[in-house]
Amino acid sequence: VQLQASGGGLVQPGGYLRLSCAVSGGTFSIYAMGWFRQAPGKEREKVAAINYTGGRTNYADSVKGRFTISRDNTKNTVYLQMNSLKPEDTAVYYCAAGTNAWVYGDYSYWGQGTQVTGLQ
């Protein structure tokens, strides 16, 4: 299973970006999907997750109301819409997949990461 994240970039405070993660080599519709981020010198944190149908989502408190995770099972792609971006959102963002991830947090597959930089 391969995950390819894209959509990162530089953004002004208050701006927006949409990250995409295309999944290939597996059965996308059975995977829960998550977005994680890791800033320099910090531990990786889970930003958002979505179950295999797309009917359930959850978010880190730091992004609630600003970020939205969604998925399109016909395109084998998960998205992270990021609005009202802040400098502290600066990090490498990773997508991840797992069949048991929604219940157990067990993400088996990871993408390569895409850099998001919020300008001061």
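Below is a summary of the structure that appears in this document.

Let us now look at the pairing of strand 9 (residues 91-98). Here strand 9 lies mainly inside the structure; six of its eight residues are buried. Examined bridge by bridge, strand 4 (residues 32-38) and strand 9 share seven bridges and lie antiparallel to one another. For G34, the partnering residue across the bridge sits in strand 9 and is A96. Here strand 9 pairs with strand 10 (residues 109-110) via two bridges, running antiparallel. Its bridge partner lying in strand 10, A97 is registered against Y109.

This next bit is on the pattern of salt bridges. Within this structure, the stated rule accounts for four salt bridges. For R37, the salt bridge identified is with D89, shortest N-O distance 2.9 Å. Placement of R37 in strand 4 and of D89 in the loop between strand 8 (77-82) and strand 9 is noted, with a sequence separation of 52 residues between them. Looking at D89, the relative accessible area reads 1%, which means it is buried. When salt bridges with common partners are traced through the structure, they connect R37, E45, R66 and D89 into a single cluster.

Its location among the elements puts G7 in the loop between strand 1 (2-6) and strand 2 (9-11). Distance from G7 to T114, taken between C-alpha atoms, is 7.1 Å for residues 107 residues apart in sequence. The contact partners of G7, leaving out residues within four places of it in the chain, are L17, R18, L19 and T114.

Before going further, it helps to spend a moment on the side chain of R71. Tracing the backbone shows R71 in strand 7 (residues 67-72). Although R71 lies buried, it forms no salt bridge, and the closest oppositely charged side chain, D72, sits 8.2 Å away as judged by the N-O distance. Looking at R71, its side chain comes within polar contact range of the main-chain oxygen of Y52, at 3.5 Å. Side-chain polar atoms of R71 contact the side chain of N73, separated by 2.7 Å. Sequence-distant contacts of R71, defined by excluding residues within four places in its chain, comprise F28, S29, Y31, A32, M33, I50, N51, Y52, T53, G54, T77 and V78.

Conventions adopted
Residues numbered from 1 in each chain as written. Predicted model: local features only at pLDDT ≥ 70, side-chain atom pairs only at ≥ 80, totals over all residues. Heavy atoms only, no water. Buried < 20%, exposed > 50% of the residue type's maximum accessible area, 1.4 Å probe, protein only. Helix = DSSP H or I, 4+ residues; strand = E, 2+ residues; numbered from the N terminus. Pairing = 2+ DSSP bridges. Salt bridge = Lys/Arg side-chain N within 4 Å of Asp/Glu carboxyl O. Contact = heavy atoms within 4.5 Å. Lys, Arg positive; Asp, Glu negative; His and termini not counted. Polar contact = N/O pair within 3.5 Å; in protein donor to acceptor, adjacent residues only side chain to side chain.

The values are spatial; any link to function lies outside them.
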